[in-house]
Structures are given as C-alpha cells and as structure tokens.
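Chain by chain, the residues:
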Number of protein chains: 2
Amino acid sequence: MPSDLPLTSRSLPIALLRARESVMGPIRTMLADVDITEQQWRVLRVLQEEGPQDPTRIAHRACLLLPSLTRILQKLGEKGLIDRQPDPDDRRKQIIRITDDGLKIIRNNLTASIQAAERIRAHLGPERYEALLDLLNELNDMDN
Amino acid sequence: MPSDLPLTSRSLPIALLRARESVMGPIRTMLADVDITEQQWRVLRVLQEEGPQDPTRIAHRACLLLPSLTRILQKLGEKGLIDRQPDPDDRRKQIIRITDDGLKIIRNNLTASIQAAERIRAHLGPERYEALLDLLNELNDMDN
DNA sequence: CCCCTTTAATTAACATGTGAAGTATTTTTC
DNA sequence: GAAAAATACTTCACATGTTAATTAAAGGGG
C-alpha cells in the first residue's frame, strides 16, 4: 500500500537517530547486565585506552558535556570504578584514573563489544562501512 | 603530530553522535528563539504533515518513546500548540491535533529548517547524501 | 601587586531518554 | 460471558542532554 507521506527514513536527523539506536541497542543490553550505562562505559574506555586525565579531556574524548560528565564521574566514583586526585600543577584540575574494579568491567565486556562492532562491519561490508564513517565525519567538518 | 590513539572518528557510535550534533545544532538554535525543543518541533511537524492522530502513532513517526511523548504533549498542551480529544471508538486512545498557534510556529520556521537541510545536501552533494541515507537505513534493517 | 579576563569544574533548572510498573480499556479465549 | 491476554497510555525513578549561572584558580596587563 503506497503512501504520499514523506518518509522519515529520508530525514537525515531521524535516520541518524534510528541508526544510532540500532547500533547501541545490543551494547546497552550487554551493559545493563553489569549496571553500567552507555556513557559510563565510554568514560571507562577512554580512561583505559588513554590513561589518567582531567575531566575536560575526558569530556572531549567521550563526547560528553562537562555537566553530564560531572554527574557520571560521581556515579563511577561511588561504584569504585574510578579514582580522583587533585592536579599538583593546577589546583582547578583533577586527575581521573580507572581502578582495578573498573578494568575488570572493561575486560569482562570488551570482547562482546568488539564483536558487536564487527557484526555491523560485516553486515555492511568493509568498504561501505568505511564509506559511512567518512560521510559522517564530513558532516562534522561543516561547522569547523 | 601523529598519535597512536584509536581515533574516535572511526567509532561508529561516536561518529553517529557527532554527526547528529552537527546536523541538529543550527536547528536547535533556531528553535530556541521560539522556546521550542527539537523533540517538540518533531511532534508538531508530524501533526502538521499527517493530521490528527493518537500518541502511539506520533511516537512512532517522531521517533520518541511513549513516556517522553506523554511529557512533551503535556508541555505542548500548556503552550496551546496542540489539542487533545478522546477517541470515540476506543476510550483508551486520544486524538491529538495541532492548533492554529502551532501551525503559526511551523510556518515561521519551516523555511529556515528546509534551508538547513539543503545546506547539508549541497555540502555532501546529492548522490552522497542519498548514499548516506541508504547506509543509515541499512543499519536499522539489521534488527528487524 | 591588583584588576580583569579566561579557564576548570560544579551546580542549578528544565527537558528528554529509558526501563519498569501501574491503570484503564479492549480483545481473545475457553 | 467471565477470566486472561493484549493494548494505550501514564507514572515513576533514575540517568543524561542542554543552557546558564556560579565558584575557584590561573594568567595577563597596567
């Protein structure tokens, strides 16, 4: 049954929204089992991959705004997954570090996370997957 | 200065996040002037394009979860931009309709909204723009 | 050294995202 | 035709998104 309705699948903002939902859905489910949100996971991964760093850099690497990150770091601190120390050189800053418990969570879920990414790459095919990333990155360059 | 860090621009979830931010940023700014959020705008557009309908359909068309939509409809009702009536055939349902004031907001911003979309299309070029939409839609089909 | 600006992080206030539970109504099934 | 299952919201609780205001500490002239 054909329709004259404008297809929301041809609206770029909505298509981006849905695509992200499809990609993140399985990962969110996996993380829910260990009571970690998608954003908390991103913060832990940044700390594990790049080492201890200040909140401003974390926010930039994990694509979070500082007010959100402040709350997330509080939660992660309560869970004992991160550690905070004052920066000796600049007392406005802190140095955030992932704890052993935090690393444990990374180790227990990283494999499944990588497999989820590989599944998507396989579904599209490597070339189209890379092409998609290129197109998305080009949208970002528009502002800057 | 080269770096061994994994580029977040090659992470699909983060690339999708940033791309959506680039696309929506200008539109959000435009809507902030009339005190309307991005989500409220989507609801109004759905009602204007497709006519009166029940919340479940609105949620589907505007890509919102029902709990979010409940709150959004309350706000839009308070602003006098929509109207709600009980469905005579099924008392569980309601019929939501956009008001004249709601239509006024659409008219005052639709042109700028369309121009923003055209700007992106022009930046990528029509073929690559369509290719991007195709790739994004393919990600959705993975679940179903 | 003091005033001014900038920067880092937090807090506040409001809106949405998200999963789970609750309520009312309709449909199904035996 | 009543109990059971499904549907259409709504409400709750918690987490994040987003903008603006706030606090504390550095830096930069004069």
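Placed above this text is the structure.
This structure is a prediction, so every number in the text was calculated from the model and none was measured. (Residues numbered from 1 in each chain as written. Chains lettered and ligands numbered in written order. Predicted model: local features only at pLDDT ≥ 70, side-chain atom pairs only at ≥ 80, totals over all residues. Heavy atoms only, no water.)

Engineer: Summarise the interface of chain B and chain A; cite the residues concerned and give the values.
Structural biologist: Listed by partner, the interface residues are 43 residues for chain B and 43 residues for chain A. If you sort the residues of chain B by the area they bury against chain A, B:Arg10, B:Leu135 and B:Met142 come out on top, with a joint share of 14%. Here chain B is connected to chain A by 6 salt bridges. Put simply, A:Glu130 and B:Arg10 hold a salt bridge, and the shortest N to O gap is 2.6 Å. Along the contact surface separating chain B from chain A lie 12 residue pairs in polar contact (both at pLDDT 80 or more). (Contact = heavy atoms within 4.5 Å. Buried area = accessible area lost by both parts, 1.4 Å probe. Salt bridge = Lys/Arg side-chain N within 4 Å of Asp/Glu carboxyl O. Polar contact = N/O pair within 3.5 Å; in protein donor to acceptor, adjacent residues only side chain to side chain.)

Engineer: An account of the pattern of salt bridges is needed here, citing residue identities and associated values.
Structural biologist: Across all of its chains, the model carries 28 salt bridges over all chains by this definition. The salt bridge involving A:Arg28 is made with A:Glu38; its shortest N-O contact spans 2.8 Å. Here A:Glu38 lies in helix α2 (residues 38-50) and A:Arg28 lies in helix α1 (residues 12-32), a separation of 10 residues in the sequence. The exposure class of A:Arg28 is partly exposed, given its relative accessible area of 32%. On the basis of relative accessible area, A:Glu38 is assigned to the buried category, the value being 7%. For B:Glu21, the salt bridge goes to B:Arg28, with nearest N and O atoms at 2.5 Å. For B:Glu21, a relative accessible area of 44% puts it in the partly exposed group. Shared partners join several salt bridges into a network, and the residues in it are A:Arg20, A:Glu21, A:Arg28, A:Glu38 and A:Arg42. (Helix = DSSP H or I, 4+ residues; strand = E, 2+ residues; numbered from the N terminus. Buried < 20%, exposed > 50% of the residue type's maximum accessible area, 1.4 Å probe, protein only.)

Engineer: Can you break down the packing of helix α2 (residues 38-50) of chain B against helix α3 (residues 55-62) of chain B residue by residue, with the values?
Structural biologist: When two helices pack together, their arrangement is given by the angle between the helix axes and the distance between those axes. Residues and elements named next belong to chain B. One can describe the packing of α2 onto α3 by two numbers: an axis separation of 9 Å at closest approach and a directional angle of 110°. One element, α2, and the other, α3, form an angle in the roughly perpendicular class. Listed contacts from α3 to Arg-42, Val-43, Val-46, Leu-47 and Glu-50 of α2 are Arg-57, Ile-58, Arg-61 and Ala-62. Among the residues forming the contact of α2 with α3, the class breakdown is 5 nonpolar, no polar and 4 charged. (Axes fitted to C-alpha atoms, helices over the stretch in contact; angles between N-to-C directions. Parallel < 35°, antiparallel > 145°, perpendicular 65-115°, else oblique. Nonpolar A, V, L, I, M, F, W, Y, C, P; charged D, E, K, R; others polar.)

Engineer: Tell me about the protein's contact with DNA strand C, and name the residues and values.
Structural biologist: Every one of the 27 residues lining DNA strand C counts as a neighbour, but A:Pro55, A:Thr56, A:Arg92, A:Gln94 and B:Arg71 are closest to it. In DNA strand C, atoms within 4 Å of the protein come from the sugar-phosphate backbone in 69% of cases. At 3.1 Å from a phosphate oxygen of DNA strand C is found a side-chain nitrogen or oxygen belonging to B:Thr37. Every element with two or more residues in the surface near DNA strand C is listed here: α1, α3 (55-62) and α4 (66-78) of chain A together with α2 and α4 (66-78) of chain B. (Near = heavy atom within 4 Å.)

Engineer: Describe the protein's contact with DNA strand D, naming the residues involved and giving the relevant values.
Structural biologist: Among the 26 residues in the neighbourhood of DNA strand D, the closest are listed as A:Ser68, A:Arg71, A:Arg91, B:Arg92 and B:Gln94. Each atom of DNA strand D within 4 Å of the protein was classed as base or backbone; sugar and phosphate made up 65%. Take A:Ser68: an N or O atom from its side chain is 2.9 Å from a phosphate oxygen of DNA strand D. A:Arg91 is positioned with one of its backbone polar atoms (N or O) 2.7 Å from a phosphate oxygen of DNA strand D. Counting residues per element, the ones that place at least two in the surface near DNA strand D are α2 and α4 of chain A together with α1 (12-32), α3 and α4 of chain B.

Engineer: Tell me about the relation of the copies chain B and chain A, and please be specific about residues and values.
Structural biologist: For the pair chain B and chain A, the relating rotation is 180°, the translation along its axis is 0.0 Å, and the fit reaches an RMSD of 0.1 Å. Viewed as a symmetry operation, the transformation between the two copies matches a two-fold axis. The share of interface residues of chain B whose copies in chain A are also at the interface is 100%, consistent with both copies meeting through the same surface. (Least-squares fit on C-alpha atoms with pLDDT ≥ 70 in both.)

Engineer: Report on the layout of surface pockets, specifying residues and quantitative values.
Structural biologist: Taken as a whole, the largest pocket encloses approximately 1600 Å³ of empty space. A:Leu17, A:Arg20, A:Glu38, B:Leu17 and B:Arg20 are the residues nearest the centre of the largest pocket, which is lined by 43 residues in total. When contributions to the lining of the largest pocket are tallied by element, the ones reaching two or more residues are α1, α2, α3, α4 and α6 (126-141) of chain A together with α1, α2 and α6 (126-141) of chain B. Among the elements that make up the lining of the largest pocket, the one with the highest residue count is α1(B) (7 residues). (1 Å grid on protein atoms, 1.4 Å probe; cavity = no way out; pocket = protein on both sides within 12 Å on 5 of 7 lines; lining within 4 Å. Points joined across faces, edges and corners; volume = space filled by probe spheres on them.)

Engineer: Could you give an account of α4(A), with specific residues and numbers?
Structural biologist: Residue and element names in this part refer to chain A. The end-to-end C-alpha distance of α4, which contains 13 residues, comes to 18 Å, matching closely the 18 Å that a straight helix rising 1.5 Å per residue would cover. Restricting attention to buried positions, one finds in α4 the residues Leu-69, Ile-72, Leu-73 and Leu-76. Seen along its axis, α4 keeps its buried residues to an arc of 105°; they face one direction. Pointing more than 90 degrees away from the buried face of α4 are the exposed residues Pro-67, Arg-71 and Glu-78. The elements touched by buried residues of α4 are α2, α3, β1 (82-86) and β2 (94-98). Backbone geometry just after α4 places Gly-80 at a positive phi near 75°. (Expected span 1.5 Å × (residues − 1). Arc of directions from axis to C-beta.)

As far as function goes, none of this settles anything; it's purely spatial.
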